[in-house]
Amino acid sequence: MKFSERLGITSVIPLQIDSMNEALRVSIWNLLLTIINIEGSDGAWQYSLKHLAEYFFKFPTDGVPKGISLRGKEWLRNRYQALQWYEVYNLLEFITQNAKFISDTYDTSSKILKLANDVLARERSGYRFINGQLAPITNEIEMKSIEDAVAAAKRAGLGGVVEHLQTSVQLLGKRPEADYRNSTKEAISAVESAAKRISGVESGGLDAALKKLGSVSELHPALKDGFLKLYGYSSDEDGIRHAILEEAKVGFDEAKFMLVSCSAFVNFLIPKAESAGLLKKA
């Protein structure tokens, strides 16, 4: 906190979820210039501008000013300033996903993601990059839980689990309007997908997976019952059903809770099943 904030002279800026103040917008702009490398060569700068013009701004590439000129920087800045707050995040995501085409300094998106998350945290953005996608989750432990779950699922060859978790993150951070209900559904589907692979029964669900896991690995009955109650759902021909999804309104808090807790559960299930020899790569 700043000196004036600690003394209560100025107020602490709240997390910015559905808006973007000038300080955040300027900081992201400065970050973009660092990534693109405004101090680089004329050729690299021109290549970056043309890539942004063609694939993000949908602007005729022959209309892009040539070289590292004031006109070129003004062209990019004018288009940046015209973006809505959520479009600025779209641009930031685009640049991280296309690092090798846009930056001659940062050839991998992982380096950019670290820089971006530092800027977003400093300026009180309500979003952070998780597995390459912006999501409204800023707690470091929660972020790590989701990233670890995706990594564990990839290691175990559980492509369905990976897809469900990544889609849940994407829907939670969808801009300008998030899809909380379907984000929740995808998070629950990740647990179901892992459970089916562990149990080896397509319609077995979580109960069958935990029974099989408990038969070959230590699993306290109270823990098993707790999981079944917390994640209680059933699969039938209509697909996933869950108490939260039956509610008239599924909000951010419910969706975030289910994504983080389902990720934590996946982190529990996969290593347990691997050590018990119940998971083999497809």
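Below you will find a few notes about this structure. (Residues numbered from 1 in each chain as written. Predicted model: local features only at pLDDT ≥ 70, side-chain atom pairs only at ≥ 80, totals over all residues. Heavy atoms only, no water.)

A few words on the packing of helix α8 (residues 140-155) against helix α13 (residues 252-275). Here α8 crosses α13 at 40°, and the two axes come no closer than 8 Å. Here α13 runs oblique to α8, going by the angle between their axes. When you trace α8 past α13, the crossing you get is left-handed. In this structure, α8 uses Glu142, Ser145, Ile146, Asp148, Ala149, Ala152, Ala153 and Arg155 to contact α13, whose residues at the interface are Lys256, Leu259, Val260, Ser263, Ala264, Val266, Asn267, Ile270 and Glu274. A per-class count over the contact of α8 with α13 returns nine nonpolar, three polar and five charged. (Axes fitted to C-alpha atoms, helices over the stretch in contact; angles between N-to-C directions. Helix = DSSP H or I, 4+ residues; strand = E, 2+ residues; numbered from the N terminus. Parallel < 35°, antiparallel > 145°, perpendicular 65-115°, else oblique. Left-handed = near helix turned anticlockwise from the far one by under 90°. Contact = heavy atoms within 4.5 Å. Nonpolar A, V, L, I, M, F, W, Y, C, P; charged D, E, K, R; others polar.)

What follows concerns the pattern of salt bridges. In total, this model carries seven salt bridges according to the counting rule given. Here Glu93 and Arg175 are joined by a salt bridge, their closest N and O atoms 3.2 Å apart. Of this pair, Glu93 sits in helix α5 (residues 85-97) while Arg175 sits in the loop between α9 (159-172) and α10 (180-199); the two residues are 82 residues apart in sequence, bridging distant segments of the chain. Of the two residues, Glu93 and Arg175, both sit in the buried class. We note a salt bridge from Lys114 to Asp118, for which the minimum N-O separation is 2.8 Å. Taken together, the positions of Lys114 and Asp118, both in helix α7 (residues 109-122) and four residues apart, correspond to about one turn of that helix. (Salt bridge = Lys/Arg side-chain N within 4 Å of Asp/Glu carboxyl O. Buried < 20%, exposed > 50% of the residue type's maximum accessible area, 1.4 Å probe, protein only.)

Right, let's get into the packing of aromatic side chains. According to the stated counting rule, one finds 11 aromatic pairs in the structure shown. Summarising the aromatic geometry, the rings of Tyr180 and Phe252 are spaced 6.0 Å apart at their centres and angled 65° between planes, so their arrangement reads as edge-to-face. You can see Tyr180 sitting in helix α10 and its partner Phe252 sitting in helix α13, a full 72 residues away along the chain. According to the relative accessible area criterion, Tyr180 is partly exposed, its value standing at 24%. Each member of the aromatic cluster is reached from another via a ring pair, and the members are Phe56, Phe57, Phe59, Trp75 and Phe94. Across the ring face of Tyr80, the terminal group of Arg25 is positioned such that the distance to the ring centre comes to 5.9 Å. (Phe/Tyr/Trp six-rings, centres within 6.5 Å; stacked < 30°, edge-to-face > 60°. Lys NZ or Arg CZ within 6 Å of the ring centre and 35° of its normal.)

Moving on, we get to the environment of Ala187. By secondary structure assignment, the location of Ala187 is in helix α10. Overall, the relative accessible area of 0% leaves Ala187 in the buried class. Sequence-wise, Ala187 and Lys256 are 69 residues apart; in three dimensions their C-alpha atoms are separated by 9.5 Å. Among residues more than four places away in sequence, those in contact with Ala187 are Ser168, Met258, Leu259 and Cys262.

Bringing the nonpolar core into the picture now. If you look at the biggest cluster of nonpolar residues, it comprises 41 residues, and the most contacted ones within it are Ile137, Val161, Leu259 and Ile270. Going through the elements one at a time, α8, α9, α10, α11 (205-216) and α13 are the ones with two or more residues in this core. Here the element with the most residues in this core is α13; it accounts for 10 residues. Setting aside residues no more than four positions away along its own chain, Val161 makes contact with Ala153, Ala190, Ser193, Ala194 and Val266. Among the nonpolar cores identified, the runner-up in size contains 38 residues, and Ile28, Leu49, Trp85 and Leu113 belong to it. (Core = buried A, V, L, I, M, F, W, Y, C linked by side-chain atoms within 4.5 Å.)

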